[in-house]
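A structural walkthrough
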Amino acid sequence: MRNQEQHGALLEAEKAKVKPPPLYKVMLLNDDYTPMDFVVVVLQTVFAMSREKATQVMLQVHREGMGVCGTFTREVATAKVEQVINIARKYQHPLQCTMEET
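Attention in this report is confined to the structure presented alongside it. A quick note: this is a predicted structure, and the numbers were derived from the prediction, not measured.

**Topic: helix H1 (residues 36-47)**
Over its 12 residues, H1 runs 16 Å from end to end, which matches the ideal 16 Å to within 8%, given 1.5 Å per residue. Among the residues making up H1, those that are buried are Phe38, Val39, Val40, Val42, Leu43, Val46 and Phe47. At its buried positions, H1 is contacted by strand E3 (23-29), helix H2 (51-64), strand E4 (66-73) and helix H3 (74-90). Ala48 lies just past H1 and shows a positive phi near 55°.

**Points about the pairing of E3**
The sheet contact formed by E3 and E4 spans seven bridges and is antiparallel. Paired with Leu28 across the strands is Gly67, a residue of E4. Here E3 pairs with strand E5 (residues 96-101) via six bridges, running antiparallel. Its bridge partner being in E5, Tyr24 is matched across the sheet by Glu101.

**Structural notes on the environment of Met49**
Tracing the sequence through the fold places Met49 in the loop between H1 and H2. Residues Met49 and Cys69, spaced 20 residues apart in sequence, show a C-alpha to C-alpha distance of 8.9 Å. Excluding residues within four positions of it along the chain, Met49 makes contact with Leu43, Gln44, Ala54, Val57 and Cys69.

**Section: H3**
Taking 1.5 Å per residue as the helical rise, H3 with its 17 residues ought to reach 24 Å, and the 24 Å between its terminal C-alpha atoms agrees with that figure. Listing the buried residues of H3 in full gives Ala77, Lys80, Val81, Val84 and Ala88. The buried residues of H3 occupy an angular sector of 100° when the element is viewed end-on, so they sit on one face. Residues of H3 that are exposed and point more than 90 degrees away from the buried face comprise Glu75, Asn86 and Lys90. Among the structural elements, E3, H1, E4 and E5 are those in contact with the buried residues of H3. Two residues or fewer past H3, Gln92 is found with a positive phi of approximately 60°.

**Structural notes on the side chain of Lys80**
For Lys80, the position within the fold is in helix H3. Within the buried set, Lys80 has no salt-bridge partner at all; the shortest N-O distance to an opposite charge, 12 Å, is to Glu82. Polar contacts involving the side chain of Lys80 include one to the main-chain carbonyl oxygen of Val46, which spans 2.8 Å. Apart from residues lying up to four places away in sequence, Lys80 is in contact with Val46, Phe47 and Phe72.

**A closer look at the pattern of salt bridges**
Counted by the stated rule, this structure contains one salt bridge. We note a salt bridge from Lys25 to Glu100, for which the minimum N-O separation is 3.3 Å. Here Lys25, found in strand E3, pairs with Glu100, found in strand E5; they are 75 residues apart in sequence, far enough to count as distant.

Reading the values: rules and limits
- Residues numbered from 1 in each chain as written.
- Predicted model: local features only at pLDDT ≥ 70, side-chain atom pairs only at ≥ 80, totals over all residues.
- Heavy atoms only, no water.
- Helix = DSSP H or I, 4+ residues; strand = E, 2+ residues; numbered from the N terminus.
- Expected span 1.5 Å × (residues − 1).
- Buried < 20%, exposed > 50% of the residue type's maximum accessible area, 1.4 Å probe, protein only.
- Contact = heavy atoms within 4.5 Å.
- Pairing = 2+ DSSP bridges.
- Arc of directions from axis to C-beta.
- Lys, Arg positive; Asp, Glu negative; His and termini not counted.
- Salt bridge = Lys/Arg side-chain N within 4 Å of Asp/Glu carboxyl O.
- Polar contact = N/O pair within 3.5 Å; in protein donor to acceptor, adjacent residues only side chain to side chain.

In C-alpha cells:
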C-alpha cells in the first residue's frame, strides 16, 4: 500500500477489515429405510471420504441420529446438500441432508 502526500499531509491507505465467510456444517440425518452401504457410498462420492471415515460417519448417523459430513462455505455446503438429496432420490431412498451455520 502506498502512502500519498496531499497538500503537505501524509495519507496512509486504510486496511480493509474483511472477515472470513461463515462456515456451514453439512449433516446427514438418520432414517429407518436407507441402507447403510448406500450411505457409505454417498459419503465417499460426495464428500471424498475414505471407506473407513465414511463408515465412521455412517455409524454416527445410525447411532446418534445425525452425523457431520464436513464444514464448508455456504455455496459449497448448499451444493453438497443438493448432491446428496439428488443421489438419494435417484435411488429412491429417503436419506435427508441438511446444513447449519457453525
